[in-house]
Amino acid sequence: MNPTVFGRRARTLAAVTAAAGLVLAAGCSSGDKKGTAAGGVEVVKAGKLTTCTHLPYPPFQSEIDGKVQGFDVSLVDIAAKNLKVKQDIVDTPFENFKTGAFLNSGQCDLAAAGMTITEERKKNVDFSDPYFSATQAVLVDRKSGIISLDDLKSKGKKLGAQVQTTGEEYAAKRKLGATSFESSDALLNGLRTGQVQAVIIDYPVVQGWLKNKDNAKAFKIADNLDTGEQYGFTVKKGNTKLLAALNKAIRDAKADGTYKKLYEKWIGPYEAAAEPSASAS
């Protein structure tokens, strides 16, 4: 999704679920004590692996039935289990992810939010091995008559994209005059309500959205754009032990079939192209 400064709304969820081992919190308080997980991995809160994210971004992370679930959540849960701690999810403004502010301040151990690995971001944070290869989709209203991105100008249709994402950058480079929306939810709602007739958005998001029969009846994918994006989790620069734990969780999930199962559960029919090699980073 390449959210350079992702403008989705910031809000802290209050729902808590002990069964899934996920606790939604506002962050570390002065009473929180640091700890050490298995393998000597230092964590900002004893007994927990604290993950910063920004909600919602289905199918990677979103609140479902009062708890945060999704593809990213499930992968990080594997690392948390190996470290013998529980994942603690904090909903935070995405603009801080680019700089690693929450990692540097000790509010979170890692960030997981469908983040594209970029050289610019590597200056401020350390990325895990890539765990997902993503493309962009052009989603359109079936009644619009749009069959490709090239149709927009010729047919006088309006395009939407999310603020400071790959989709917005793509539209800007091609001078498509996209209307900007602050979140993926707002973008899709803009399409649903007719504010725009087409949107550029991450393909996995579209896959999940079109699982809804009503959405599938009214909207369709008109085009796919291969932007070469790969997602990674981030940790504070120099946090090599936690980085190794995350990379191990990714490797193990791919090796034992868990990755494929999670992909099919959260995203849709499995595509081998969605599983990048570690060398791609």
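Use the structure listed above.
Note that the structure is predicted; figures quoted are calculated from it, not measured.

Rules of the game
- Residues numbered from 1 in each chain as written.
- Predicted model: local features only at pLDDT ≥ 70, side-chain atom pairs only at ≥ 80, totals over all residues.
- Heavy atoms only, no water.
- Buried < 20%, exposed > 50% of the residue type's maximum accessible area, 1.4 Å probe, protein only.
- Helix = DSSP H or I, 4+ residues; strand = E, 2+ residues; numbered from the N terminus.
- Pairing = 2+ DSSP bridges.
- Polar contact = N/O pair within 3.5 Å; in protein donor to acceptor, adjacent residues only side chain to side chain.
- 1 Å grid on protein atoms, 1.4 Å probe; cavity = no way out; pocket = protein on both sides within 12 Å on 5 of 7 lines; lining within 4 Å.
- Points joined across faces, edges and corners; volume = space filled by probe spheres on them.
- Nonpolar A, V, L, I, M, F, W, Y, C, P; charged D, E, K, R; others polar.
- Axes fitted to C-alpha atoms, helices over the stretch in contact; angles between N-to-C directions.

A. Seen up close, the pairing of strand E8 (residues 86-91). Of all six residues making up E8, five are buried, and the element is well covered by its neighbours. When strand E5 (residues 48-53) meets E8, the two strands line up parallel, connected through six bridges. The residue of E8 that forms the bridge with Lys48 is Lys86.

B. Fine view of the environment of Asp256. Structurally, the position occupied by Asp256 is in the loop between helix H10 (240-255) and helix H11 (258-266). In terms of polar contacts, Asp256 uses its side chain to reach the side chain of Thr258, at 2.7 Å.

C. Geometry of empty space enclosed by the protein. Tallied over the entire structure, the rule returns two cavities of 30 Å³ or more. Here the second largest cavity defines a volume of roughly 40 Å³. In terms of lining, the second largest cavity is formed by Thr51, Thr53, Gln61, Val68, Asp72, Val73, Val76, Gln87, Ile89 and Ala112. Among the elements of the structure, E5, helix H1 (71-82) and E8 are those that each provide at least two residues to the lining of the second largest cavity. Looking at which element gives the most residues to the lining of the second largest cavity, the answer is H1, with three residues. Classifying every residue of the lining of the second largest cavity by side-chain character gives five nonpolar, four polar and one charged.

D. Focus on the sheet that holds strand E13 (residues 179-181). Spatial ordering of the open sheet is given by E13-E12-E14-E11-E15, a layout of five strands whose pairing is mixed. Each having just a single partner strand, E13 and strand E15 (219-231) make up the two edges of the open sheet. On average, adjacent strands in this sheet sit at an angle of 25 degrees to one another, irrespective of strand direction. Pairing analysis gives three bridges linking strand E12 (residues 159-162) to strand E14 (residues 198-202), with the strands arranged parallel. Residue pairing for E14: Gly160 is matched across the bridge by Val199.

E. Here's a closer look at the layout of surface pockets. A volume near 350 Å³ is recorded for the largest pocket. Lining of the largest pocket is provided by 18 residues; of these, Glu42, Val44, Asp109, Lys236 and Asn239 occupy positions nearest its centre. Of all the secondary structure elements, the ones that give two or more residues to the lining of the largest pocket are strand E3 (35-37), strand E4 (41-43), helix H3 (101-104) and H10. Of the residues forming the lining of the largest pocket, the biggest block, three residues, is contributed by E4. A per-class count over the lining of the largest pocket returns five nonpolar, eight polar and five charged. Each pocket or cavity is described by its volume, and for the second largest pocket that value is around 150 Å³. What lines the second largest pocket is simply Pro58, Pro59, Asp185, Leu188, Val205, Gly208, Trp209, Lys211, Asn212 and Trp266.

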